[in-house]
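Secondary and tertiary structure notes
What follows is each chain in one-letter form.
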Amino acid sequence: MTDQQPLGADEVLDIVDEHDRVVGQAPRGEVYARKLRHRCVFVQARDARGRIFVHRRTARKLVFPSHYDMFVGGVLGTGESYDGAALREAEEELGVSGLPAPTPLFRFLYETPEHSWWSAVYEVRFDLPVRPQEEEVAWYGFLSDEELGARLDDWLWVPDGLEAYHRLVEHREARG
């Protein structure tokens with residue numbers, strides 16, 4: 001792989017229909033190029049003080065390079081479960097092992113003219129030192145809910161993460 005090639009273009013993903021049923025497989029690069037619907041997980045990771053792990057993606061990311069995100073996560077590989085992907089992606093991106101299993105909250109279909117994926121939203125709280133992957137994370141910090149809210153209009157956020165965040169806020173408000 002050269003330094004200029006986006007990460008993960010050859011990883012094989014399940015293609016799913018509007019009901020989240022697997023209908024085929026394709027390499028990630030082809031999935032994005034052909035705008036095929038697939039699966040993704042979002043994990044809101046909080047430290048022991050309740051602060052949210054926020055990071056800026058590297059410029060080499062295949063989708064939304066150099067954007068900020070308030071979730072860790074990513075796409076599911078072929079045959080992978082949402083729960084398995086949530087734990088795998090959270091441990092990989094945070095650079096930890098022994099993370100508690102993330103708690104599933106809800107799913108939604110994210111669709112734009114350019115992208116389509118079923119999204120499962122999770123949360124996890126942990127008390128471990130993080131060592132984020134340099135290939136995935138260009139910058140990171142832990143922000144309080146208020147600090148994050150103050151940056152929503154100022155930073156360039158991944159659009160799917162921003163939608164997941166707004167849905168998570170609504171989910172929590174509806175639950176009281």
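For the structure itself, look to the data block above.
Nothing here was measured: the structure is a model prediction, and the numbers come from that model.

1. Observations concerning the overall build of the chain
A count of helical and extended segments in the chain gives 4 helices and 9 strands. The N-to-C order of helical and strand elements in the chain reads β-β-α-β-β-β-β-α-β-β-β-α-α. The C-alpha radius of gyration of the chain comes to 15 Å, within 12% of the 16 Å expected for a compact globule of 176 residues. Oriented by its inertia axes, the alpha-carbon framework of the chain measures out at about 40 × 40 × 35 Å. Summarising the internal contacts of the chain: among those between residues at least 6 apart in sequence, 64% fall at separations of at least 24. If you sum the accessible surface of the chain, you get close to 8900 Å²; carbon and sulfur atoms cover 48% of it.

2. Topic: helix H2 (residues 82–94)
Here H2 contains 13 residues, and its C-alpha end-to-end distance of 18 Å stays within 8% of the 18 Å for a straight helix at 1.5 Å per residue. Among the residues making up H2, those that are buried are Tyr82, Ala85, Ala86, Glu89, Ala90, Glu93 and Leu94. Taken end-on, H2 shows its buried residues confined to a sector of 130°, consistent with a single buried face. Buried-residue contacts for H2 involve strand E3 (38–46), strand E4 (52–57), strand E6 (72–75), strand E7 (103–111), strand E8 (116–125) and strand E9 (137–143). Backbone geometry just after H2 places Gly95 at a positive phi near 70°.

3. Quick word on the environment of Arg172
Structurally, Arg172 is set in helix H4 (residues 159–175). When its relative accessible area of 30% is taken as the criterion, Arg172 is described as partly exposed. Engagement of the side chain of Arg172 in a polar contact is seen with the side chain of Glu123, the distance being 2.4 Å.

4. Side note on the nonpolar core
Core analysis: the biggest nonpolar cluster contains 30 residues, and Phe42, Met70, Phe71, Trp117, Val121 and Leu148 have the highest contact counts within it. Here this core gets 4 residues from one element, more than from any other, and that element is E7. For Phe42, the contacting residues outside a window of four places in its chain are Phe71, Val72, Phe108, Trp117, Ser119, Ala120, Val121, Tyr122, Asp160, Gly161 and Ala164.

5. Considering the pattern of salt bridges
Within the structure shown, the criterion is met by 14 salt bridges. Notably, a salt bridge pairs Arg28 with Glu11, separated by 2.5 Å at the nearest N-O pair. Here the residue Arg28 occupies a position in helix H1 (residues 28–33), and Glu11 occupies one in the segment before strand E1 (12–16), the gap between them amounting to 17 residues. The class of Arg28 is buried, set by a relative accessible area of 14%. The exposure class assigned to Glu11 is partly exposed, which follows from its relative accessible area of 28%. Between Asp20 and Arg39 there is a salt bridge, with the nearest N and O atoms lying 2.7 Å from each other. Residue Asp20 is found in the loop between E1 and strand E2 (22–27), and its partner Arg39 is found in strand E3; the two are separated by 19 residues along the sequence. You'll find Asp20 and Arg39 in the same group, each marked buried. Look at the salt bridges and you will find they share partners, linking Glu80, Arg88, Glu89 and Glu92 into a network.

Scoring rules and cut-offs
Residues numbered from 1 in each chain as written. Predicted model: local features only at pLDDT ≥ 70, side-chain atom pairs only at ≥ 80, totals over all residues. Heavy atoms only, no water. Helix = DSSP H or I, 4+ residues; strand = E, 2+ residues; numbered from the N terminus. Rg over C-alpha atoms; globule rule 2.2 N^0.38 Å. Contact = heavy atoms within 4.5 Å. Areas by Shrake-Rupley, 256 points an atom, 1.4 Å probe, with all protein chains shown as cover. Expected span 1.5 Å × (residues − 1). Buried < 20%, exposed > 50% of the residue type's maximum accessible area, 1.4 Å probe, protein only. Arc of directions from axis to C-beta. Polar contact = N/O pair within 3.5 Å; in protein donor to acceptor, adjacent residues only side chain to side chain. Core = buried A, V, L, I, M, F, W, Y, C linked by side-chain atoms within 4.5 Å. Salt bridge = Lys/Arg side-chain N within 4 Å of Asp/Glu carboxyl O.

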